[in-house]
Amino acid sequence: MVDLSVSLGRLRLHNPILVASGTFGYAKEMAPLVDFAKLGGVIPKTVTAAPRAGNRPPRTVETASGMLNAIGLDNDGLEHFLAHHLPYLRTLPTAVIGNIAGKTEDEFVQMAARVHAAGHGLAGLELNLSCPNVSGGLDFATDPDVTRRIVRRCRDVCPDLPLVAKLTPNVTDIQRIAAAAADGGADAVSAVNTFVGMAVDWRRRRPVLGNVTGGLSGPAIKPLALRAVWRIAQLRAVPVIGVGGIGTLDDVMDFLVAGASAVQIGTANFYDPTASVRIAAALPGAVAALGADRVAAVVGTLTIPS
Amino acid sequence: MYHRTARVAEHVRLADRTYRVRLDCPDLAAAIRPGQFVMLRLPNTSDPLLGRPFALYDTVLDAAGRPVGVDVVYLVVGKMTGRLADVTSGTSLEVWGPLGKPFLDVGAPDHVRLVAGGIGQTPFLAFARELLGTRGFGGDAPRKRAAKVTLYYGVRTAALAAGVEDFRAAGVDVHLASDDGSVGFRGYVTQLLESHGTGGPLVGCGPEPMLHSLARLATAWDVPCQVSLETPMACGVGACFSCVARVKTADGGWDYKRVCVDGPAFDAAGLVWD
C-alpha cells in the first residue's frame, strides 16, 4: 500500500491530486463525471466580494497545445457563494479549498474574515493574488511586500485556516514572491497561475479575445510551470502546489519530483473531464515504481548530475 | 453523463465540406434528447487540445429499435473539424455528453416552424422526429406533439445544403433559401419565412444576425420563439464560463449565462441582442 496523504503546512490532503480554481466550476457541474472522493481536494471558482459579470466574449481561444482565457472572474459574489455554493461543497467527501480575490488588500482581509465567521467548513483558503484578467491591479503577487502583507493580514483574521497563496508567473523572480508569502505565514503557495498572452486575427486586424489579452494555460505552459515550482521548492521555505499544464500521470510525477507537495489539474478538466480521477487512481503505481511507499517520499527528489 | 472513447461506425460526406460522423455509444444514445449536444475530441493529441460542441443530429437504432449510437453532422471550419474530416471508420473519438438542456417545450401546436441558417439545421432532425412522434428519446415512448413540422433552411449556396433528404424522409416539409439563388428562394431564410406570414412557434439555429432577424419576426407576429445558440466552449459542462450569452434578468438588467448548461436553447425574447 502506498500512502498518498500529504501535508502542506497545516493543510492535510488524503492524496495530492487537486483540481484548480476556475477549471471545475463550483464542483456541482462536474458531479456527473467525477467521483470527488477519489480526489485530494477541489478548489471552486474564485469568488469576489461583490458580484462580477465578467469579461465580454469571446472569453477563451485555443492556441497551440493550450488555451487563452479571459473570463474576468464572472461570479455572483461572496454572500451568494456562502449561501448557495458552500452548503453543497461542504457535503463533498473530499477537502474543499475556497478561493477568493479581493480588489484591494483590505477587501482580501474582509473576505477572509467573512469566510472565517461563516463557519466555513473549508479545508483551506487559496488567495488568488494573481488573476491576470481583471483591471484594477488585482495582480498583487507581482510585489513581494504586498504579497506578504495580504497573507499576513488574512492569517491574522483566520488563524486556524490553512492559507495558500496562488502566485503569478508574470514576474522576474518568483522565488522572491514565494519567500514573501512564506514570511507572511502561508501554509503553501500554488505555482503558477496563467501566463499573460494574446491572440490576433490578422485578417480582421483584431484581438481574438474580448478582453484583448488573456491567460495561457494547458500543456504548452508545463515546462514553464515546472521550472517555477522547482525554483520555489529550492527555497525550502514553503510547500508548493504545482499547477500549469498538468494533464497526465507523468506530468504529476514530474512536478512531485521537482518539488511540488501536491498538484492541481486545471485545463485538463476541460478537455479530459475525468483526467483527475484517473490520474489519482494510477498514482500509487507510479510512486511504487520509484521504490517509495508514500508519495511524500518522492517530493523534491530531483537529482542534478554533477 | 458519459465520458468515453467511442468507435466511429460510419463517416460520410453529406455536402460540400459537410460530413456526418456516426459514433457507437449506446448509453449516451439512450440518454440524449433533441437540443442537447456532445463534446467531441480527437484522441492522442494536444493540438487541437479542446473538445468541440456538436448538436445531436440523430440517434441510431438497432434492428430491435434500441439506441446504439449518435450521428453528428458538422461543417469543416477550422483546425479541429479539418482533422475530424480525416478520421476513418473503425478509429475512435473521445466523446462526453449528453450536455445542455433539451429544446424548450413548445406545447401542442398544430405547426412548428424550424428555421436554420448555415450549419444550423443539425439540431433539428432529431427534434422533428420527437415533435412528429416518430421517435422517443431519453427512454421516453414516442408521442406526437405537433401535427406538422416545417424546416426553413438557408444556405450560402446549393452545394452546402446538407441532410435535406433526411428531413424529407422524416416527414418534414422543407423550404430552402440560398444567398445566390442556386437552390430555392434567393435571399435570406428569414425573408423566405416572412413571405410565408405568421404561424406556429418558431425555433431557430444559425448565425446570430439570422437569429436576431428571426427574433424580430417573432416579436412582430407575437409567436413564441426559441433559438439554439452556438458559442465557443472549452468544457461543455459548465466549468469554464467561456460560452456566455447575455440574458435579461428580472430587475430589468442582464447577466451572462452559460450556453452549455443554461441553454443552448433560449427564449429569444429573453436574450439581449447586440
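Residues numbered from 1 in each chain as written. Chains lettered and ligands numbered in written order. Predicted model: local features only at pLDDT ≥ 70, side-chain atom pairs only at ≥ 80, totals over all residues. Heavy atoms only, no water.

1. Side note on the overall build of chain A
Secondary structure summary: chain A contains 8 helices and 17 strands in total. Here the C-alpha coordinates of chain A stretch approximately 55 × 50 × 40 Å along the principal axes. When the 306 residues of chain A are sorted by exposure, 59% land in the buried category. In chain A, of all internal contacts separated by at least 6 residues, the share reaching a separation of at least 24 is 71%. A gap of 4 Å separates the mean positions of the 28 positive and 25 negative side-chain charges of chain A. (Helix = DSSP H or I, 4+ residues; strand = E, 2+ residues; numbered from the N terminus. Buried < 20%, exposed > 50% of the residue type's maximum accessible area, 1.4 Å probe, protein only. Contact = heavy atoms within 4.5 Å. Lys, Arg positive; Asp, Glu negative; His and termini not counted. Charge placed at Lys NZ, Arg CZ, Asp CG, Glu CD.)

2. As for the interface of chain B and chain A
Contacts between the two partners involve 25 residues from chain B and, on the opposite side, 33 residues from chain A. Summed over both partners, the interface of chain B with chain A buries about 2300 Å², with 62% contributed by carbon and sulfur atoms. It is Leu49, Phe241 and Tyr256 of chain B that lose the most area in chain B upon contact with chain A, and together they represent 26% of the buried surface on that side. At the boundary of chain B and chain A, one finds 2 salt bridges. When the shortest N-O distance is used, the salt bridge between Arg258 of chain B and Glu29 of chain A registers 3.0 Å. For the interface between chain B and chain A, the tally reads 9 residue pairs in polar contact (both at pLDDT 80 or more). Residue composition of the side of chain B that touches chain A, by class: 14 nonpolar, 5 polar and 6 charged. (Buried area = accessible area lost by both parts, 1.4 Å probe. Salt bridge = Lys/Arg side-chain N within 4 Å of Asp/Glu carboxyl O. Polar contact = N/O pair within 3.5 Å; in protein donor to acceptor, adjacent residues only side chain to side chain. Nonpolar A, V, L, I, M, F, W, Y, C, P; charged D, E, K, R; others polar.)

3. Topic: helix H3 (residues 124-132) of chain B
Helical periodicity: at 3.6 residues per turn, an α-helix aligns residues three or four positions apart in one direction. Residue and element names in this part refer to chain B. The buried fraction of H3 is high, at 9 of 9 residues. Where H3 is concerned, the buried positions are Phe124, Leu125, Ala126, Phe127, Ala128, Arg129, Glu130, Leu131 and Leu132. Along its buried surface, H3 packs onto strand E5 (58-61), strand E8 (111-117), strand E9 (148-155), helix H4 (164-169) and strand E12 (202-205). Gly133, located one to two residues past H3, shows a positive phi value of around 75 degrees.

4. Description of the pattern of salt bridges
For the structure shown, the criterion picks out 31 salt bridges over all chains. Ionic pairing is found between Asp187 of chain A and Arg155 of chain A, a salt bridge with its closest N-O pair at 2.6 Å. Remark: Arg155 of chain A occurs in helix H3 (residues 144-157) and Asp187 of chain A occurs in the loop between helix H4 (174-184) and strand E11 (188-191); sequence separation between them is 32 residues. For Asp187 of chain A, a relative accessible area of 7% corresponds to the buried category. Judged by its relative accessible area of 13%, Arg155 of chain A falls in the buried class. Two residues, Asp62 of chain B and Arg66 of chain B, come together in a salt bridge whose shortest N-O distance is 3.0 Å. You can call Asp62 of chain B partly exposed: its relative accessible area is 24%. The class for Arg66 of chain B is exposed, based on a relative accessible area of 53%. Among the charged side chains, a salt-bridge network with shared partners connects Asp145, Arg148, Arg152 and Asp183 of chain A.

5. Digging into the environment of Thr150 of chain B
Residue and element names in this part refer to chain B. Structurally, Thr150 can be placed in strand E9. The spacing of Thr150 and Leu202 is 52 residues in sequence and 9.9 Å in space, taken between C-alpha atoms. Among residues more than four places away in sequence, those in contact with Thr150 are His111, Val112, Arg113, Leu114, Val172, Asp173 and His175. Polar side-chain contacts of Thr150 include one of 2.6 Å to the side chain of His111.

6. Some remarks on the packing of H3 of chain A against H4 of chain A
All names here are of chain A. Relative to each other, H3 and H4 sit at 25 degrees, their axes nearing to 7 Å. Classified by the interaxial angle, the pair formed by H3 and H4 is roughly parallel. The handedness of the crossing between H3 and H4 comes out as right-handed. Residues Pro144, Thr147, Arg148, Val151, Arg152 and Arg155 of H3 lie in contact with H4, whose contacting residues are Arg176, Ile177, Ala180, Ala181, Asp183 and Gly184. A per-class count over the contact of H3 with H4 returns 5 nonpolar, 2 polar and 5 charged. (Axes fitted to C-alpha atoms, helices over the stretch in contact; angles between N-to-C directions. Parallel < 35°, antiparallel > 145°, perpendicular 65-115°, else oblique. Left-handed = near helix turned anticlockwise from the far one by under 90°.)

7. A few points about the confidence of the model for chain B
The share of residues in chain B with pLDDT of 70 or more is 100%, and the mean pLDDT across the chain is 97. Scored as a complex, the prediction yields pTM 0.96 and ipTM 0.95. (pLDDT = per-residue confidence, 0-100.)

8. Observations regarding the packing of aromatic side chains
All names here are of chain A. In the structure shown here, the tally under the stated rule is 10 aromatic pairs over all chains. Between Phe24 and Phe36 the ring centres are 6.0 Å apart and the planes differ by 70 degrees, which places this aromatic pair in the edge-to-face class. Highlighted residues: Phe24 in the loop between strand E3 (17-19) and strand E4 (41-42) and Phe36 in the loop between E3 and E4, separated in sequence by 12 residues. With respect to burial, Phe24 and Phe36 carry one shared label: buried. Relative to Phe81, the ring of Tyr26 lies with its centre 6.4 Å away and its plane at 50 degrees, an arrangement referred to as tilted. You can see Tyr26 sitting in the loop between E3 and E4 and its partner Phe81 sitting in helix H1 (residues 78-90), a full 55 residues away along the chain. The exposure class assigned to Tyr26 is buried, which follows from its relative accessible area of 7%. (Phe/Tyr/Trp six-rings, centres within 6.5 Å; stacked < 30°, edge-to-face > 60°.)

9. Points about the side chain of Gln121 of chain B
All names here are of chain B. Within the secondary structure layout, Gln121 lies in the loop between E8 and H3. Within polar-contact distance, the side chain of Gln121 engages the backbone oxygen of Ala162 at 3.0 Å. The residues contacting Gln121, other than those within four sequence positions of it, are Ala116, Tyr153, Ala162 and Phe167.

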